[in-house]
Amino acid sequence: MGCGDGKVEATSHGWKKPFHAIRDSVTGTEERPDPDMCTADLDRAYLDARTALLQGVSDQSPYIRAHAIEAIGNVLGGQYSSSLIQGLSDKATLVRFASAMACGKNAVAGAKGRLLQLVQSRDADDRVVSASIYALSRIGNTRYAPMLGTLVVGEFAPGRAEASHAMGLMGHPTARKLLGSLLREENDPAVRLSMTEALARLGDQRAMRVLESYAHVFFLDLRLAAIPTMARLKTPNTLSIASRLTRQGNPPRVRIASAGAIGLLGNPDAITEDMYNMCVMALVKPLEFFRACYEDQTLQPKKHELASLQQLAARSLGWFKQKRALDVLMPHLQDNNHAVAVMAAEAALGILGPRELRLPTLKTLATPPTVVAPVTLKTPSGVKLHTAGAKDTGWE
């Protein structure tokens, strides 16, 4: 039985009792807790989550390294620019791309030399070149911006998508006319979405409405990419669309991504207890949640589907900004799936926000510690998980 089946929709509230029974076994409570009540030591949580991200940069998998670098750029920022700059020389295209985007997001001036090399290289991947042009523009070098006009009409579809994305981020008004013209002739679905997002970012109201329509398209990867983008750009109907998509009758990952989008809007009152509990269940018991969504206890989803569901759930909990989620997230820093661990770490750091670590004094320690200066970090707004989910395919 599929999620779109009428019998599932007809019992859209019937899932709540068995769902809560599973939820209560996860959280250990039937009462609604204080959103900021948690048992985790916040300084220890911060240190452990930060360590998990920094370890992820050295992971054997290029996908994990890319996610970790992106997460560092999102929640740790330029204070860890050395990791971002190092990633620009990684052997994997995806990692170089993620590093360039993170350098741009945080305006890392120290990356200028390597970014220039990437832009000027004849062998550089188009996606990396576009990301590097964006990063250079963030530190005041717009000399290479016209190259995006060539990349956006290139033969390589992913290259066109990233050139469009860079144009939207750089915000030059002349890009709106060019992208609007190209969109009418573009056939690749992912490129069309990227161009639509760029146009919406540049203030095109029609593009905002079209972007909202992507939340309902057939292709799951496009839906998962469009839903949080709507929230970042605060399109007019994001809240109503995302609220509907959290309900029973929609695919599990769409429901979780939509709940996260509501958190990303920054309105705590819009986050319901059911949304929170749904994300907890998807992270801690992904198989049970998957089966509950389809009302079929015999379903056997693929491992990557469950891992993706867990990543989305961790991300959504992070966007809710509720400290109670730390008790759920922290155990997953040791998850066997490193992608889940990295996402849980990013979510935890996003919840904790800027933090001055209170280090113990020498008198309370049996052995002298390694002295580390207190760190205050700013968490950038408008986080875009550009390499997550649907964006993870098509890289070398």
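For every chain, the first residue of its written sequence is number 1, and the numbers climb from 1 along that sequence. Restriction of local features to residues with pLDDT of at least 70 applies here, the model being predicted, together with a cutoff of 80 or more for giving and counting side-chain atom pairs; totals for whole chains, interfaces and linings are based on all residues. Only hydrogens and water are set aside when side-chain values are computed; all heavy atoms of the structure are taken into account.

Of regular secondary structure, the protein chain possesses 21 helices and zero strands. For every residue, the accessible area obtained with a 1.4 Å probe (protein chains only) is divided by the maximum for its type, and the residue is called buried under 20%, exposed over 50%, and partly exposed between those limits. Scored against the burial criterion, the 396 residues of the protein chain give a buried share of 55%. Put simply, of all contacts in the protein chain between residues at least 6 apart along the chain, 68% involve residues at least 24 apart. Put simply, DSSP marks the helices as runs of H or I at least four residues long and the strands as runs of E at least two long, and each gets a number from the N terminus on. Here, residues are in contact when the closest pair of their heavy atoms is within 4.5 Å.

In this section: helix H13 (residues 205-213). Listed in full, the buried residues belonging to H13 are Ala207, Met208, Leu211 and Glu212. Along H13, the residues classed as buried sweep out an arc of 145 degrees about the axis, all on the same side. The exposed residues of H13 that point more than 90 degrees off its buried face are Arg206 and Arg209. The inward-facing, buried residues of H13 abut helix H12 (189-201), helix H14 (220-233) and helix H15 (238-245). In protein, a polar contact requires one atom able to donate a hydrogen and another able to accept it; more generally it is a pair of N or O atoms within 3.5 Å, and residues adjacent in sequence count only if both atoms are side-chain atoms. The backbone nitrogen of Arg206 lies 3.0 Å from a side-chain oxygen of the residue at the head of H13, namely Asp204. Arc, as used here, means the arc of the directions from the helix axis to the C-beta atoms.

Right, let's get into the packing of aromatic side chains. A pair of aromatic rings is counted whenever rings of Phe, Tyr or Trp (Trp by its six-membered ring) have centres within 6.5 Å, and the orientation is called stacked for planes under 30 degrees apart, edge-to-face for over 60 and tilted otherwise. In total, this model carries two aromatic pairs according to the counting rule given. Relative to Phe219, the ring of Phe218 lies with its centre 5.6 Å away and its plane at 80 degrees, an arrangement referred to as edge-to-face. Its relative accessible area of 76% is what places Phe218 among the exposed residues. You can call Phe219 partly exposed: its relative accessible area is 45%.

Within the fold, Ser58 resides in the loop between helix H3 (42-56) and helix H4 (62-76). The class for Ser58 is exposed, based on a relative accessible area of 63%. Along the backbone, Ser58 and Gly87 are 29 residues apart, and their C-alpha atoms lie at a distance of 9.9 Å.

Its identity is not glycine, yet Ala107 carries a phi of approximately 50 degrees, on the positive side. Structurally, Ala107 is set in the loop between helix H6 (93-105) and helix H7 (112-120).

Let us now look at the environment of Leu326. If you trace the backbone, Leu326 turns up in helix H20 (residues 326-329). For Leu326, a relative accessible area of 0% puts it in the buried group. A sequence separation of 26 residues divides Leu326 from Leu352, and the C-alpha atoms of the two residues are 8.9 Å apart. Look past the residues within four positions of Leu326 in its chain and what remains in contact with it is Cys38, Ala40, Leu42, Pro331, Ala348, Ile351 and Leu352.

Once that is clear, we can look at the confidence of the model for the protein chain. In this model, the protein chain carries a mean pLDDT of 86, and residues with pLDDT of at least 70 account for 82%. Each residue carries a pLDDT score, the predictor's confidence in it, ranging from 0 to 100. This model gives residues 361-391 a pLDDT under 50, and the stretch forms 70 contacts once residues within four places in sequence are excluded.

We now examine H6. Because an α-helix completes one turn every 3.6 residues, residues spaced three or four positions apart along the sequence face the same direction. In this analysis, the expected span of each helix is defined as 1.5 Å times one less than the number of residues it contains. For H6, with 13 residues, the first-to-last C-alpha span of 18 Å sits near the 18 Å given by 1.5 Å per residue. With respect to burial, H6 is a largely interior element, twelve of its 13 residues being buried. Turning to H6, its buried residues are Thr93, Leu94, Val95, Arg96, Phe97, Ala98, Ser99, Ala100, Met101, Ala102, Cys103 and Gly104. Elements that come into contact with the buried residues of H6 comprise H4, helix H5 (81-87), H7, helix H8 (126-138) and helix H10 (157-170). With its phi angle positive at about 50 degrees, Ala107 sits one or two positions after the end of H6.

Moving on, we get to the pattern of salt bridges. Note on definitions: salt bridges are taken to be side-chain nitrogens of Lys or Arg within 4 Å of carboxyl oxygens of Asp or Glu. Evaluated as defined, the whole model comprises seven salt bridges. One salt bridge in this structure joins Asp90 and Arg65, with 2.9 Å as the shortest N-O distance. With Asp90 in the loop between H5 and H6 and Arg65 in helix H4, this pair connects stretches of sequence that are 25 residues apart. When its relative accessible area of 8% is taken as the criterion, Arg65 is described as buried. Among the salt bridges present, the one from Arg127 reaches Asp125, with a minimum N-O distance of 2.9 Å. Just as Arg127 is buried, Asp125 falls in that class too.

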